[in-house]
Amino acid sequence: MPQWVIPGQYTNFENEEQAVEFCKVWGLLPQKSTKQKEYRYKGQNMDVPCEIIGFADHVFAVIRIGEQLHNIHPSYLREMQTAQYGKGKLEDEGESMDAELPADEGKTEEKKEKKEKKPVEKPLKEAPITLQEGKTSIEAIVSEFTTVPNPFSGTDDEVVIFEQVSFLNENEPIVLESAWSSLSIALKKLELQLGDKLSFEAKVVAKKLNKHAVKYKINNAAKIVKLDPQ
């Protein structure tokens, strides 16, 4: 039987527009696309239709094959859409299937169970992101305005929290659940509202927002543009 990397927690796409936007960032759809397309899952000796229904752990797509949910990296799913995929090469380690190997009567069931658990643990190990040094083009949606104490001035600094923060990191599409930024003069001039979508160039760093579950910070945002709602 197939072995699935079942997502423990994940976020469903709210609508087709959001699904299309994520798939564009992941390189699964052309930038001019307005609708989803049918995707194929080609792994574990299978070639079947699948539907992308959401995302998990910031960087993994969640697909549905029949009634089964499965975590998969978007770049791996993208490779599966090519006609030559799977011809003359072995499947990647993360998608391999121990159940398809010939049975060895000398092996214990305990060893077999350890191998079967590896795909489930893999997403948790890959969740941390090694961020590039320079700036990158980012799109994000305003989620919240808040303040944090400044220990040097004794006052509170204004910050903005973004959601659905998408960008390319070392040519790899990334979508963060959230990130924060100081509410700079440039951002204040835009008179931002909750739900506004922005594009800008900035550097993303791993820096947690005090007393919030936001692990990444956006530094030195420039060329800020408020995008029209879709």
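Residues numbered from 1 in each chain as written. Predicted model: local features only at pLDDT ≥ 70, side-chain atom pairs only at ≥ 80, totals over all residues. Heavy atoms only, no water.

Asks: Teacher, can you tell me more about empty space enclosed by the protein here?
Replies: Any space left empty among the atoms is revealed by the rolling of a water-sized probe across them. Applying the stated criterion across every chain, the model contains one cavity of 30 Å³ or more. If you add up the space inside the largest cavity, you get close to 30 Å³. Taken together, Leu131, Gln132, Gly134, Thr136, Phe167, Asn169 and Val204 make up the full set of residues lining the largest cavity. Across the lining of the largest cavity, the residue classes break down as three nonpolar, four polar and no charged. (1 Å grid on protein atoms, 1.4 Å probe; cavity = no way out; pocket = protein on both sides within 12 Å on 5 of 7 lines; lining within 4 Å. Points joined across faces, edges and corners; volume = space filled by probe spheres on them. Nonpolar A, V, L, I, M, F, W, Y, C, P; charged D, E, K, R; others polar.)

Asks: Quick question: what am I supposed to make of the state of the cysteines here?
Replies: Working definition of a disulfide: a covalent bond connecting the sulfur atoms of two cysteines. Going through the model one piece at a time under the given rule, you end up with zero disulfides. Lacking any disulfide linkage, Cys23 is separated from the closest cysteine sulfur, that of Cys50, by 9.9 Å. (Disulfide = S-S within 2.5 Å.)

Asks: How should the pattern of salt bridges be read in this particular structure?
Replies: It is possible for side chains of opposite charge to pair when their charged atoms get near one another. Counted under the stated rule, the structure contains ten salt bridges. A salt bridge links Glu51 to Arg64; the shortest N-O distance between them is 3.0 Å. Note that Glu51 is positioned in strand 3 (residues 48-56) and Arg64 in strand 4 (residues 60-65), a separation of 13 residues in sequence. For Arg64, a relative accessible area of 34% corresponds to the partly exposed category. Among the salt bridges present, the one from Glu139 reaches Lys197, with a minimum N-O distance of 3.5 Å. Of the two residues, Glu139 is situated in strand 6 (residues 136-150) and Lys197 in strand 9 (residues 197-206); the sequence distance between them amounts to 58 residues. (Salt bridge = Lys/Arg side-chain N within 4 Å of Asp/Glu carboxyl O. Helix = DSSP H or I, 4+ residues; strand = E, 2+ residues; numbered from the N terminus. Buried < 20%, exposed > 50% of the residue type's maximum accessible area, 1.4 Å probe, protein only.)

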